[in-house]
Amino acid sequence: MDFRIGFGYDSHRFGENRPLFLGGVEIPYEKGLVAHSDGDALIHALCDALLGAASLDDIGTHFPDTAAEFKSIDSKILLERVMFLIEQKGFAVNNADMTIVAEKPKMAPYTDSLKNVLARLLKISEDKIAIKAKTNEGMGFTGQGEGIATFAVVTLINSSTN
């Protein structure tokens, strides 16, 4: 059985007058994440983990932040495209484990919604997704409330064996 592990990381700073999207869900908050796309750092880390596991480079290679077609794009679309790429290589997602690092907003009330959206996009059941929210205890850019960092680990299996 061909079994792969991928790791992804992303971070974005907060900006005014933007909605906050994480994991494909709009989170009520006074600021959003600044990016060329919608700024969904959780999906961006997940895309990098998936692409890495399938040996397909990184999110910037496939969706450069200099391309007008990706300006303000919904990151769920990027994840759908990444899923197509890994499926073309004969892989399916086995599980995903993600961590959101932010002082605010508190993420616990939204983890069920995040799992629901991501399970659909990853084509797996919610019990194969873990989402954890951590603070940085006041340290660094996340601890000072300047932005959010996200981490993702995924496992892929050969789709002919699942």
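Data block above holds the structure.
This one's a predicted model, so the numbers in the text were calculated from it and none came from an experiment.

A. Representation of the sheet that holds strand β4 (residues 32-33). The strand order across the open sheet built from five strands is β4-β1-β7-β5-β6, with neighbouring strands paired in mixed fashion. This sheet does not close on itself; its edge strands, each paired only once, are β4 and β6 (129-134). Packing of helix α1 (residues 41-53) onto the sheet brings it into contact with β1 (3-15), β4, β5 (91-101) and β7 (147-158), and relative to β1 it is tilted by some 155 degrees.

B. Looking closely at α1. Under the 1.5 Å per step criterion, the end-to-end length of α1 is 18 Å for 13 residues, consistent within 8% with the ideal 18 Å. The element α1 is extensively covered by neighbouring structure, given that twelve of its 13 residues are classed as buried. When α1 is considered as a whole, its buried residues turn out to be Ala41, Leu42, Ile43, His44, Ala45, Leu46, Cys47, Asp48, Ala49, Leu50, Leu51 and Ala53. Positive phi appears at Ser55, one or two residues downstream of α1, with a value of about 55 degrees.

C. Spotlight on unusual backbone geometry. Put simply, Lys104 and Pro105 share a cis peptide bond, and its omega is -5 degrees. Residue placement: Pro105 occurs in the loop between β5 and α4 (111-122). One non-glycine residue, Ser72, lies in positive phi territory at about 60 degrees. Position of Ser72 relative to the elements: it lies in the loop between α2 (59-62) and α3 (75-88).

D. Spotlight on the pairing of β7. Counting buried residues along β7, nine of its twelve residues qualify, which places the element largely inside the surrounding structure. By the bridge criterion, eleven bridges tie β1 to β7 in an arrangement that is antiparallel. Within β7, the residue paired with Phe7 across the bridge is Val153. In terms of strand pairing, β5 meets β7 through ten bridges, oriented antiparallel. Bridge pairing in β7 links Asp97 to Val153.

E. Seen up close, the environment of Thr135. Mapped onto the fold, Thr135 is located in the loop between β6 and α5 (140-143). Among the residues examined, Thr135 registers a relative accessible area of 31% and is labelled partly exposed. Through-space distance from the C-alpha of Thr135 to that of Val101 is 5.4 Å; in sequence the pair is 34 residues apart. A polar atom in the side chain of Thr135 sits 3.4 Å from the side chain of Glu137.

F. Focus on the nonpolar core. In terms of nonpolar packing, the biggest core is built from 48 residues, with Leu22, Leu46, Leu50, Leu79, Leu118 and Leu122 touching the most fellow members. Looking at this core, the elements with two or more residues in it are β2 (20-22), β3 (25-27), α1, α3, β5, α4, β6 and β7. Ranked by residue count, the leading element in this core is α1, at ten residues. In this structure Leu118 touches Gly23, Leu42, Ile43, Leu46, Leu79, Met98, Ile129 and Ile131, once residues within four positions along its chain are discounted.

G. Structural detail: the environment of Arg81. Structurally, Arg81 is set in helix α3. Separated by 19 residues in sequence, Arg81 and His62 have C-alpha atoms that sit 9.3 Å apart. Filtering out sequence-adjacent residues up to four positions away, Arg81 remains in contact with Phe63, Glu69 and Phe70.

H. Region of interest: the side chain of Asp40. If you trace the backbone, Asp40 turns up in the loop between β4 and α1. In this structure Asp40 is buried but unpaired, with Lys76 as the nearest side chain of opposite charge at 6.7 Å. At 3.0 Å, the side chain of Asp40 and the backbone nitrogen of Ile43 are in polar contact. Other than its neighbours up to four places away in sequence, Asp40 contacts Phe21, Leu22, Gly23, Gly24 and Ser75.

Definitions and cut-offs
Residues numbered from 1 in each chain as written. Predicted model: local features only at pLDDT ≥ 70, side-chain atom pairs only at ≥ 80, totals over all residues. Heavy atoms only, no water. Pairing = 2+ DSSP bridges. Helix = DSSP H or I, 4+ residues; strand = E, 2+ residues; numbered from the N terminus. Contact = heavy atoms within 4.5 Å. Axes fitted to C-alpha atoms, helices over the stretch in contact; angles between N-to-C directions. Expected span 1.5 Å × (residues − 1). Buried < 20%, exposed > 50% of the residue type's maximum accessible area, 1.4 Å probe, protein only. Polar contact = N/O pair within 3.5 Å; in protein donor to acceptor, adjacent residues only side chain to side chain. Core = buried A, V, L, I, M, F, W, Y, C linked by side-chain atoms within 4.5 Å. Lys, Arg positive; Asp, Glu negative; His and termini not counted. Salt bridge = Lys/Arg side-chain N within 4 Å of Asp/Glu carboxyl O.

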